[in-house]
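Working through the structure, step by step
Residue-level listing of the chains:
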Amino acid sequence: MQKLKEILATTVEASEGPSTSSSWSLRQSAAQDEWQKARPYHLDCLLFSRVVKENKCSQCSSPAIIRCRDCMPEEWLCMECDLICHKKLALHNRESCIDRFYRPIPPTMCCAKENGRYTLKNQVRLLPTVRPDRLCTCGPSNITESAGRATILICINVDVFSTFEEMKTVAPGLSRQDFLRLLEQRTQQFGRAVRKAEVESQRLENLSRELRCPENMVQQWVHDVRQWATDDSNKIRQLRRRKLGDEKRKLFEAIKQYNEQVPEEEGINEEMVESRLSVVGHASGEEILIWPWEVHSTESTNILTKKIFDAYMSKMRLQEEKILILREMRQHCTYLRGLADSIRKLIAEMSGGNRGSLTEEGHCGLCCLLQEKLADVEEKFQVVSSRYSLALGPLYPEDWSKEIPDESKRLEYESSEDSDSEDD
Ligand SMILES: [Zn+2]
Ligand SMILES: [Zn+2]
């Protein structure tokens, strides 16, 4: 009995808590209220964690510029101490904090001071491998190490990995191989279209030469076929009739020749052939007997003419594809440039002292975060534009991406930016 009383007493105490309402919706709204109250604090804390504080080097106590995630617990290093400490520890996981954000740097990079400002520059790093006891006939005392060919490159694209994660949740059946194949295909898309267009152009040229037909004749054929597909012009119909008449005449000549050579009972009945043909003709099918590309041609070139038409259409299709891809590339570049501009604008606004509802620390953290995003976008733009320039080849001018963007597209991108920044 005593125990039961105790239990009941604790239950009553617990039920006096803030959100033990029996109604689910009431509990939900209470939790929502609590969250609304706590949200600014958490946001501030989150942003504050991005602040790059000024630290002292753990070795010599001058201002630190490198953070090493493997040299725990003394993670902060100045420019000189970083060089000394990591000479032998080439594969340590280091970050620089130039521009007030942490930027992961590869082993082949170090900090340098130029014009009173810290920058990153390339440096030679020896691969940490075992020194051999003997090398051919030389003794170990004669062996020296020096920089040679670059042999290692650590390059992990976090962006791709997160995309893969997302794809795994959407399509769990997709294997890693499939994903890699997909990436490969995307990469080759443009190169393939351009190469195919070149091949098709070459094929068309060869065929034209083979048939001794100039470019304008091909154009005429294509024009005729297009008209045939859309509209039955009188001119085409006339040409068809004439052609059909020729074919008919040839057929009857052949029948005549044949009939002369065989006994009478095996001969072909010309009247029956004639009536068959006119039945087809009556149902306006006579035009079906002749393809549009046959109208202009003589018998021997018919098949080649068909081929040349196919080649021409294939070339046109690939050229259209090329234009589309070019437009997509340009839009991508414009989008990235616009994004960088708007981040720069935001940074300028924030450095004007407009803190909004954030605390001093939160504001500072947001500045660091924006700097990081800006550097990220700028780097992406560099990579994207250099890749695209490479894919386009030397025929395209350097400033192919600097076209004034389509106004509607611009608006679309701007609105998507807005939603992005809200998510962040
Ligand atoms: Zn130091
Ligand atoms: Zn280290």
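Because the structure is predicted, anything quoted here is derived from the model rather than measured.

A short note on the coordination of the zinc ion (ligand 2)
Each protein donor to the zinc ion (ligand 2) is listed here as Cys-68 (SG), Cys-71 (SG), His-86 (NE2) and His-92 (ND1); together their distances run 2.0 to 2.2 Å. Classification of the site at the zinc ion (ligand 2) as tetrahedral follows from its four donor atoms and the range of 103 to 115° in their angles at the metal. Between consecutive donor residues of the zinc ion (ligand 2), the sequence gaps follow C-x2-C-x14-H-x5-H. Using a relative accessible area of 18% as the deciding quantity, one classes His-92 as buried.

Description of helix α2 (residues 24-48)
When the terminal C-alpha atoms of α2 are compared, their 35 Å separation across 25 residues agrees well with the 36 Å that a helix rising 1.5 Å per residue should span. The axis of α2 is deflected most strongly, by about 40°, at Ala-38, and proline Pro-40 appears within four residues downstream.

Some details on the pattern of salt bridges
Per the counting criterion, the structure on display carries eleven salt bridges. Where Arg-249 meets Glu-253, a salt bridge forms, and the shortest distance between an N and an O atom there is 3.6 Å. Here Arg-249 and its partner Glu-253 are both found in helix α7 (residues 234-261), four residues apart, which amounts to about one turn of the helix. Of the charged contacts, one joins Arg-344 and Asp-341 as a salt bridge, the two residues approaching to 2.9 Å between their closest N and O atoms. Remark: Asp-341 and Arg-344 occur in helix α9 (residues 302-351); sequence separation between them is three residues, near one turn of the helix. The exposure class assigned to Asp-341 is partly exposed, which follows from its relative accessible area of 39%.

So, the state of the cysteines
Throughout the structure, instances matching the rule amount to zero disulfides. No disulfide involves Cys-110; its sulfur sits 7.1 Å from that of Cys-111, the nearest cysteine. Cysteine Cys-364 shares no disulfide, and the gap to the nearest cysteine sulfur, in Cys-368, comes to 5.1 Å. Under the relative-accessibility criterion, Cys-364 is labelled partly exposed at 26%.

Considerations on the pairing of strand β5 (residues 109-114)
Pairing between β5 and strand β6 (residues 117-122): six bridges, direction antiparallel. Bridge pairing in β6 places Lys-113 opposite Tyr-118. Adjacent in sequence and paired antiparallel, β5 and β6 are bridged by two residues, among which Asn-115 carries a positive phi angle near 50°.

Points about the nonpolar core
Formed by 13 residues in total, the largest nonpolar core has its most connected members in Leu-336, Ile-343, Ile-347, Leu-370, Leu-374 and Val-377. At the level of secondary structure, the elements contributing two or more residues to this core comprise α9 and α10 (360-392). The element contributing the most residues to this core is α9, with seven residues. In this structure, Ile-343 is in contact with Leu-370, Lys-373, Leu-374 and Val-377, ignoring residues within four places of it in sequence.

Focus: the coordination of the zinc ion (ligand 1)
Geometry sets the ideal angles at a metal, namely 109.5 degrees for four tetrahedral donors and 90 or 180 degrees for six octahedral donors. Around the zinc ion (ligand 1), the protein contributes the donor atoms Cys-57 (SG), Cys-60 (SG), Cys-78 (SG) and Cys-81 (SG), at 2.2 to 2.3 Å from the metal centre. Every donor counted, the four donor atoms about the zinc ion (ligand 1) form angles of 103 to 115° at the centre, which fits tetrahedral coordination. Site description for the zinc ion (ligand 1): donor spacing in sequence, C-x2-C-x17-C-x2-C. Taken as a pair, Cys-60 in the loop between α2 and β1 (66-68) and Cys-78 in the loop between β2 (76-77) and α3 (79-85) lie far apart in primary sequence, 18 residues in all. Overall, the relative accessible area of 37% leaves Cys-60 in the partly exposed class.

Some thoughts on the packing of aromatic side chains
According to the stated counting rule, one finds one aromatic pair in the structure shown. An angle of 40° between the planes, with centres 6.2 Å apart, marks the rings of Trp-76 and Tyr-102 as tilted. Here Tyr-102 lies in the loop between β3 (94-96) and β4 (103-105) and Trp-76 lies in strand β2, a separation of 26 residues in the sequence. Here the guanidinium or amino end of Arg-67 rests over the ring plane of Tyr-102, the centre of that ring lying 3.7 Å away.

Quick notes on the environment of Leu-339
Mapping Leu-339 onto the fold places it in helix α9. Leu-339 sits 39 residues away from Glu-378 along the chain, and the two C-alpha atoms are 9.2 Å apart.

Observations concerning the sheet that holds β1
The four strands lie next to each other as β2-β1-β3-β4, forming an open sheet whose pairing is antiparallel. Of all strands in the sheet, those with a lone pairing partner are β2 and β4, marking the two edges.

Quick word on a nonpolar patch on the surface
A surface patch of nonpolar side chains, about 360 Å² in accessible area, is lined by Met-1, Leu-4 and Leu-8. By secondary structure assignment, the location of Leu-8 is in helix α1 (residues 2-15).

Some words on the side chain of Arg-67
Tracing the sequence through the fold places Arg-67 in strand β1. Those residues in contact with Arg-67 that lie beyond four places of it in its chain are Glu-75, Trp-76, Asn-93, Arg-94, Glu-95 and Tyr-102.

A few points about the confidence of the model for the protein chain
On average, residues of the protein chain carry a pLDDT of 76, and 74% of them reach 70 or more. In this model residues 281-287 is a low-confidence stretch, pLDDT under 50, and it forms eight contacts with partners more than four residues away in sequence or in other chains. Throughout residues 403-424 the model reports pLDDT below 50, and contacts reaching past four residues in sequence, or to other chains, amount to 13 contacts.

Quick notes on the rules
- Residues numbered from 1 in each chain as written.
- Chains lettered and ligands numbered in written order.
- Predicted model: local features only at pLDDT ≥ 70, side-chain atom pairs only at ≥ 80, totals over all residues.
- Heavy atoms only, no water.
- Donors = N, O, S within 2.8 Å, 3.2 Å for Na, K, Ca; no water.
- Tetrahedral: all angles 85-135°; square planar, octahedral: opposite > 155°, others 65-115°.
- Buried < 20%, exposed > 50% of the residue type's maximum accessible area, 1.4 Å probe, protein only.
- Helix = DSSP H or I, 4+ residues; strand = E, 2+ residues; numbered from the N terminus.
- Expected span 1.5 Å × (residues − 1).
- Bend = angle between axes of the 7 residues up to and from the residue.
- Salt bridge = Lys/Arg side-chain N within 4 Å of Asp/Glu carboxyl O.
- Disulfide = S-S within 2.5 Å.
- Pairing = 2+ DSSP bridges.
- Core = buried A, V, L, I, M, F, W, Y, C linked by side-chain atoms within 4.5 Å.
- Contact = heavy atoms within 4.5 Å.
- Phe/Tyr/Trp six-rings, centres within 6.5 Å; stacked < 30°, edge-to-face > 60°.
- Lys NZ or Arg CZ within 6 Å of the ring centre and 35° of its normal.
- Patch = residues over 30% accessible without salt bridge, like charges linked within 9 Å, V, L, I, M, F, W, Y side chains within 5 Å.
- Areas by Shrake-Rupley, 256 points an atom, 1.4 Å probe, with all protein chains shown as cover.
- pLDDT = per-residue confidence, 0-100.

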